[in-house]
Structure formats: structure tokens, C-alpha cells
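Structure assessment
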Amino acid sequence: MYVDGRDQIQYASEGLMGLVDQTHTVGQTFTRSKATLLKVDVYLIKNNVAPLSMITLHLRDDTATGVDIASATLTADKVVTGWNTFQFPSEVDLSTYSSPDYILLTSDTPTGEYQVYGLLSVDGYGGGKAYVDGTERPTDDAAFVTYVKSTISSNTIQSNTEDGILTEFASPEIIGNTVDGNGEWGIHSKYAPIYGTTPD
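Residues numbered from 1 in each chain as written. Predicted model: local features only at pLDDT ≥ 70, side-chain atom pairs only at ≥ 80, totals over all residues. Heavy atoms only, no water.

Under the defined criterion, the tally for this structure stands at 3 aromatic pairs. Judged by centre distance (5.9 Å) and plane angle (55°), the ring pair of Tyr-43 and Tyr-117 falls under tilted. Taken together, the positions of Tyr-43 in strand 3 (residues 36-47) and Tyr-117 in strand 8 (residues 113-119) put the pair 74 residues apart, joining distant regions of the chain. Measuring from centroid to centroid gives 5.7 Å for Tyr-102 and Tyr-131, while their planes differ by 80°, and the two rings are edge-to-face. Of the two residues, Tyr-102 is situated in strand 7 (residues 101-107) and Tyr-131 in strand 9 (residues 130-132); the sequence distance between them amounts to 29 residues. For Tyr-102, a relative accessible area of 4% gives the class buried. Assessed through its relative accessible area of 13%, Tyr-131 is described here as buried. Here a set of aromatic residues connected by ring pairs shows up, and it is made of Tyr-43, Trp-83 and Tyr-117. (Phe/Tyr/Trp six-rings, centres within 6.5 Å; stacked < 30°, edge-to-face > 60°. Helix = DSSP H or I, 4+ residues; strand = E, 2+ residues; numbered from the N terminus. Buried < 20%, exposed > 50% of the residue type's maximum accessible area, 1.4 Å probe, protein only.)

Within the largest apolar cluster, 29 residues are counted, with the highest numbers of intra-cluster contacts made by Val-42, Ile-55, Leu-59, Phe-86, Phe-88 and Leu-105. The element that contributes the greatest number of residues to this core is strand 3, accounting for 4 residues. Look past the residues within four positions of Phe-86 in its chain and what remains in contact with it is Lys-39, Val-40, Val-42, Leu-44, Ile-55, Thr-56, Leu-57, Ala-72, Thr-73, Leu-74 and Leu-105. (Core = buried A, V, L, I, M, F, W, Y, C linked by side-chain atoms within 4.5 Å. Contact = heavy atoms within 4.5 Å.)

In this approach, a probe sized like a water molecule rolls over the atoms, and the result shows the empty space that is left. For the coordinates displayed, the defined rule picks out 1 cavity of 30 Å³ or more. Here the largest cavity defines a volume of roughly 50 Å³. Lining the largest cavity are Val-26, Gly-27, Gln-28, Val-42, Ile-103, Leu-104, Leu-105, Val-116, Ala-142, Ala-143 and Phe-144. Put simply, the parts of the chain that give the lining of the largest cavity at least two residues each are strand 2 (26-30) and strand 7. (1 Å grid on protein atoms, 1.4 Å probe; cavity = no way out; pocket = protein on both sides within 12 Å on 5 of 7 lines; lining within 4 Å. Points joined across faces, edges and corners; volume = space filled by probe spheres on them.)

Applying the stated criterion across every chain, the model contains 3 salt bridges. Arg-32 is the partner of Asp-101 in a salt bridge, and the nearest nitrogen-oxygen pair spans 2.4 Å. Note that Asp-101 is positioned in strand 7 and Arg-32 in the loop between strand 2 and strand 3, a separation of 69 residues in sequence. With a relative accessible area of 0%, Asp-101 lands in the buried category. When its relative accessible area of 17% is taken as the criterion, Arg-32 is described as buried. A salt bridge links Asp-68 to Arg-60, with the shortest nitrogen-to-oxygen separation between them at 2.7 Å. Among the residues examined, Arg-60 registers a relative accessible area of 14% and is labelled buried. (Salt bridge = Lys/Arg side-chain N within 4 Å of Asp/Glu carboxyl O.)

Let's shift gears to the confidence of the model for the protein chain. Here the protein chain averages 75 in pLDDT, and 64% of its residues register 70 or above. Counting interchain partners and residues more than four positions distant, the pLDDT-below-50 stretch residues 150-154 has 16 contacts. (pLDDT = per-residue confidence, 0-100.)

On to the sheet that holds strand 7. Spatial ordering of the open sheet is given by 5-4-7-2-9-10, a layout of 6 strands whose pairing is antiparallel. Single-partner strands in this sheet number two, and they are strand 5 (70-75) and strand 10 (135-137). Going across the sheet, the axis of each strand differs from the next one's by a mean of 20°, ignoring polarity. The pairing of strand 4 (residues 54-60) with strand 5 spans 6 bridges and is antiparallel. Across the sheet, Leu-59 pairs through a bridge with Ala-70, a residue of strand 5. (Pairing = 2+ DSSP bridges. Axes fitted to C-alpha atoms, helices over the stretch in contact; angles between N-to-C directions.)

Another point: the side chain of Arg-32. Within the structure, the side chain of Arg-32 is placed 3.2 Å from the backbone oxygen of Leu-94, a separation counted as a polar contact. A distance of 2.4 Å separates polar atoms of two side chains, one belonging to Arg-32 and the other to Asp-101. (Polar contact = N/O pair within 3.5 Å; in protein donor to acceptor, adjacent residues only side chain to side chain.)

All right, on to the pairing of strand 3 then. When strand 3 meets strand 6 (residues 82-93), the two strands line up antiparallel, connected through 8 bridges. Each bridged residue has a counterpart across the sheet, and for Thr-36 the counterpart in strand 6 is Asp-93. Bridge analysis of strand 3 against strand 12 (residues 144-147) gives 4 bridges, and the strand direction is antiparallel. Counterpart to Val-40 in the pairing with strand 12 is Thr-146. Pairing of strand 3 with strand 8 involves 4 bridges; the strand directions are antiparallel. From the neighbouring strand, Lys-46 faces strand 8, where its bridge partner is Tyr-114.

Shown next, in the form of C-alpha cells:
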């Protein structure tokens, strides 16, 4: 399940789609709406995995290419039941790559497995396909959410009776805005950082 910049709480997985361990992988192609990618959330459950094991999300150009554009890794102690965030070291520029892109989950755990949940028996996401052990699963989709960094900048907001700028997402940056005479919040930011903004 895929969408840019949305809060993952809006999306629930329906059931177990595939397992990830030393010999099994789960992947998902997706069609991006932006040229950059900041992080990916995946719905996971860990089952008797080795305490020092890791699960890695590989970002690739397509299912056939074995070379990573970027990757992000979580250790077993950081994996929770539910949504897990794979944060890339920096924002990834995908402008020179064709879409759809591909995320692949691998692990080095010699025991147990990381369970990947998703939408089953229905192709709920039309922008890509799920893969289990490299084989396409045409009616399934992994439960995942991608995030892009967006910037809200250089706006002048005057005489507004509501919120001037409202965001509940962590990915935007709010930079250099002027807010004048708002009735409610000039800027209402639940998570996003705010830089150089002038209240008047």
C-alpha cells in the first residue's frame, strides 16, 4: 500500500504476505510522484529472529537490477510490531532513474523470520506489484508508505481566521514565511521543523 507523504496510520494491512530471512525476500515495485525519496515505512512483525540480526530495505531501479540506489537497515531490537521506518542517510534523487522503482527487503537472520504484511487477494495499489522470493504476486501488495521532503517557503499569509500553515507530517520543512493577523495558529506544525519564519 503506497502513498507519498501520508500518515501511515490511515492504512492497515490485511495479513501476512511474505517472509524475510537468509533465503527469502519480499519486494514491491511502486510509481513515485516526486523525483526524491526520504524514507519508507513497512509493516513488519518479527518472529524469533536472531537478536543481532538485521533487515535491510534496498531501493533499486527495477526488479532485475542487483545494484542499490540506496539502502537502509534496522537491527532486530529496533523492529516493532507494526510500521517500521527505513530512513535513508540522505534524501535520494531519483530524477535520472525510470519509474516504477523497486524496494526489496532482505535479512541475515539465521533463525526465525521477519514477516511482511500487506493487502491480499486484491490488487489494491495499481502503481506496482509485490514480489515474494523474486516471483511476482499479481493480486498482492506489500503494506508500505513512502515519504518525500517538501518545503513550505516564502509565503505571506494575512488576515486568515483559521490556521495560516497547517501540517501534521514530519517530512515538510517550513522556511521563511511571514504570517500576519491570523485568528487561530499562524503556523500549526505537529512534527515539521520551522526555520526563519516571521510572525507580524
